[in-house]
Amino acid sequence: GDVLSVLIVNFLLQIADEVTTSEFWAQGGFFQPITLPTTLLAVVVRDSKMTLSWVLSGLWNRAYSSSSVHNDNAAAREAFSVWVDY
């Protein structure tokens with residue numbers, strides 16, 4: 001849920017960046033043809049940085065519950081597994 005929220009925020013930020021440029025409105029605004037955006041890489045990079053920061057912050061602050069895992073190594077393995085699967 002948290003990582004999905006970060007992804008949604010990143011897409012909303014990218015939409016805001018695109019809408020506030022003069023090129024967007026000069027090319028027809030919301031009525032222009034839909035193509036693959038050239039700024040997609042910026043969204044992926046921003047999301048990767050924010051997600052990695054979120055996961056590392058959770059590990060640093062011990063956001064996982066010790067009662068839900070066997071030990072610290074298991075918690076780190078599971079957190080890494082979630083990050084790799086994502």
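Look up a bit, the structure's there.
Here's what I pulled together on the structure shown here. The structure displayed is predicted, hence computed values, not measured ones.

**Things to note about the overall build of the protein chain**
Part 1: When helices and strands are counted, the protein chain shows four helices and zero strands.
Part 2: What you see in the protein chain, going N to C, is helices and strands ordered as α-α-α-α.
Part 3: Counting only residues that meet the buried cut, the protein chain has 15% of its 86 residues in that class.
Part 4: Looking at the protein chain as shown, the accessible area adds up to about 6,900 Å², and 66% of this sits on carbon and sulfur atoms.

**Observations regarding the environment of V55**
Part 1: Secondary-structure assignment places V55 in helix α3 (residues 40–60).
Part 2: Expressed as a C-alpha distance, the spacing of V55 and V3, which sit 52 residues apart in the sequence, is 8.6 Å.

**Some remarks on α3**
Part 1: For α3, which comprises 21 residues, the first-to-last C-alpha distance of 30 Å matches the rise-based estimate of 30 Å (1.5 Å per residue) to within 8%.
Part 2: By the burial criterion, the buried members of α3 are V43, D47, T51 and V55. The buried residues of α3 all sit within an arc of 85 degrees when viewed along its axis, so they share a single face. The outward face of α3, more than 90 degrees from its buried face, is lined by the exposed residues L41, K49 and W60.
Part 3: Looking at the buried residues of α3, the elements they touch are α1 (2–19).

**A closer look at the environment of A76**
Part 1: As for its position among the elements, A76 is in helix α4 (residues 72–85).
Part 2: You can call A76 partly exposed: its relative accessible area is 39%.
Part 3: Each C-alpha atom of the pair A76 and L59 lies 7.5 Å from the other, and the pair is 17 residues apart in sequence.

**Quick look at the pattern of salt bridges**
Oppositely charged side chains can form a pair if their charged atoms are brought close together.
Part 1: Going through the model one piece at a time under the given rule, you end up with one salt bridge.
Part 2: Notably, a salt bridge pairs R46 with D17, separated by 3.2 Å at the nearest N-O pair. Within this pair, whereas R46 is found in helix α3, its partner D17 is found in helix α1, the two being separated by 29 residues in sequence.
Part 3: Looking at R46, the relative accessible area reads 23%, which means it is partly exposed.

**Considerations on α1**
Quick reminder: α-helices carry 3.6 residues per turn. Residues three or four places apart thus point the same way.
Part 1: For α1, which comprises 18 residues, the first-to-last C-alpha distance of 26 Å matches the rise-based estimate of 26 Å (1.5 Å per residue) to within 8%.
Part 2: Restricting attention to buried positions, one finds in α1 the residues V6, N10 and Q14. For α1, the angular spread of the buried residues around the axis is 75 degrees, confining them to a single face. Exposed and oriented more than 90 degrees from the buried face of α1 are L4, L12 and I15.

Rules and cut-offs
Residues numbered from 1 in each chain as written. Predicted model: local features only at pLDDT ≥ 70, side-chain atom pairs only at ≥ 80, totals over all residues. Heavy atoms only, no water. Helix = DSSP H or I, 4+ residues; strand = E, 2+ residues; numbered from the N terminus. Buried < 20%, exposed > 50% of the residue type's maximum accessible area, 1.4 Å probe, protein only. Areas by Shrake-Rupley, 256 points an atom, 1.4 Å probe, with all protein chains shown as cover. Expected span 1.5 Å × (residues − 1). Arc of directions from axis to C-beta. Contact = heavy atoms within 4.5 Å. Salt bridge = Lys/Arg side-chain N within 4 Å of Asp/Glu carboxyl O.

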